[in-house]
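Now for the letters of each chain:
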Amino acid sequence: MHKNCHCGARMRNKTHFQKNGKVLTVGVLLLFFLLKPALAEKYQFSLFGGINHVFTYGSEEDYVLGENDFPAAPAHTPADLGASFALYLNDKVALELDGRFTLSSKLTLVDPYDDDTVTIDSSRHYSVTLNFLYRFLEGSVRPYFIVGGGIDKLLAEDKTYTTEYGFEVEFLAPEKTIDPVANLGGGAYFLVSPNIGIRFDLRYMMIFSEPDTIRSLNGVLGICFLF
């Protein structure tokens, strides 16, 4: 016996954005590195890791018997790894190219019809964003505000799970795996020397996928190098 599901693994419909997203990524990278030698006064490279708390998405109202038996994905918190490179246009303003890789985590889905449950692995994904960064202060502690956007790439595979009641549930990888993403947040650098610092960063992120926008709070801690 089988049940079907369209949530939890970010099931999405096919559009033309996947091709356009690849072109956009290449364009952003070219623009960033063309600007680098002409405009930059200082550079900064960061390595970091942390968590990505994904808020609940989907709704029991989307339940369709035999088609979408597990319509809502609960909140879950996978680990996050990343790196960024920023070029400062002056003492306060920078352009930052940021990449983050989100690992898998466990989440339990509930069938609202019979309360059957299934525990699955969330899909891994990575995001690349180009951001505007504004730094408020000089000195050993340097808080900043950041806003920007880019693309998110889903790394999904076809998987089959067995529910608590013994049903098989199939999660199929979507044909569309690239979505636009936006982030807004801030953080601070704590310099331990003129060229090395500790970085804390907190961002509210939105992945504009279909049928649901996926919202998360991303917090990381790492090391940065200034040159």
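Refer to the structure printed above.
For the structure given in this document, a descriptive report is provided here. (Residues numbered from 1 in each chain as written. Predicted model: local features only at pLDDT ≥ 70, side-chain atom pairs only at ≥ 80, totals over all residues. Heavy atoms only, no water.)

Its location among the elements puts aspartate 152 in strand E10 (residues 141–155). A residue is classified by how much of its surface remains accessible, and aspartate 152, at 1% relative accessible area, is buried. Between the C-alpha atoms of aspartate 152 and isoleucine 178, which are 26 residues apart in sequence, the distance is 5.5 Å. A distance of 2.8 Å separates a polar atom in the side chain of aspartate 152 from a polar atom in the side chain of histidine 125. (Helix = DSSP H or I, 4+ residues; strand = E, 2+ residues; numbered from the N terminus. Buried < 20%, exposed > 50% of the residue type's maximum accessible area, 1.4 Å probe, protein only. Polar contact = N/O pair within 3.5 Å; in protein donor to acceptor, adjacent residues only side chain to side chain.)

Right, let's talk about the packing of aromatic side chains for a bit. Tallied over the full model, the rule gives seven aromatic pairs. Between phenylalanine 85 and phenylalanine 227, the ring centres sit 6.2 Å apart and the planes meet at 45°, which makes this aromatic pair tilted. In this pair, phenylalanine 85 is assigned in strand E5 (residues 79–88) and phenylalanine 227 in the segment after strand E15 (213–226), connecting sequence segments 142 residues apart. For phenylalanine 85, a relative accessible area of 16% corresponds to the buried category. Ring centres 5.7 Å apart and planes at 80° place the aromatic pair tyrosine 161 and phenylalanine 171 in the edge-to-face group. With tyrosine 161 in strand E11 (residues 159–162) and phenylalanine 171 in strand E12 (residues 168–171), this pair connects stretches of sequence that are 10 residues apart. (Phe/Tyr/Trp six-rings, centres within 6.5 Å; stacked < 30°, edge-to-face > 60°.)

Let us look at a negative patch on the surface. Among the surface-exposed residues, Glu60, Glu61, Asp62 and Asp115 lie close enough to one another that they form a single negatively charged patch. By relative accessible area, which is 36% here, aspartate 62 ends up partly exposed. (Patch = residues over 30% accessible without salt bridge, like charges linked within 9 Å, V, L, I, M, F, W, Y side chains within 5 Å. Areas by Shrake-Rupley, 256 points an atom, 1.4 Å probe, with all protein chains shown as cover. Salt bridge = Lys/Arg side-chain N within 4 Å of Asp/Glu carboxyl O. Lys, Arg positive; Asp, Glu negative; His and termini not counted. Charge placed at Lys NZ, Arg CZ, Asp CG, Glu CD.)

Mapped onto the elements, aspartate 80 comes out in strand E5. Although buried, aspartate 80 forms no salt bridge, and the nearest oppositely charged side chain, arginine 100, lies 4.6 Å from it. Only 2.7 Å separates the side chain of aspartate 80 from the side chain of asparagine 218, close enough to count as a polar contact. The contacts of aspartate 80, once residues within four sequence positions are left out, are Gly49, Gly50, Ile51, Asn52, Arg100, Phe101, Thr102, Leu103, Asn218 and Val220. (Contact = heavy atoms within 4.5 Å.)

This part covers the environment of phenylalanine 48. Here phenylalanine 48 lies in strand E2 (residues 42–54). Residues phenylalanine 48 and glycine 219 lie 171 residues apart in sequence; the distance between their C-alpha atoms is 9.7 Å. With residues near it in sequence (within four places) discarded, phenylalanine 48 still touches Leu81, Gly82, Ala83, Ser84, Asp98, Gly99, Arg100, Arg199, Val220, Leu221 and Gly222.

Now for unusual backbone geometry. The phi torsion of most residues other than glycine is negative, and most of the peptide bonds are trans. The step from glutamate 210 to proline 211 runs through a cis peptide bond, and the omega angle for that step is 5°. Following the sequence through the fold, proline 211 ends up in the loop between strand E14 (196–208) and E15. Phi is positive for aspartate 115, close to 65°, though the residue is something other than glycine. Summarising the element assignment, aspartate 115 is placed in the loop between strand E7 (106–110) and strand E8 (117–121).

Time to look at the sheet that holds strand E13 (residues 178–191). Pairing is antiparallel in the closed barrel, where eight strands are placed in the order E2-E5-E6-E9-E10-E13-E14-E15. Direction aside, neighbouring strands of the sheet carry axes that sit 25° apart on average. In this structure, strand E9 (residues 124–135) lies alongside E10, joined through 12 bridges in antiparallel fashion. Directly across from threonine 129, in E10, lies its bridge partner glycine 150. (Pairing = 2+ DSSP bridges. Axes fitted to C-alpha atoms, helices over the stretch in contact; angles between N-to-C directions.)

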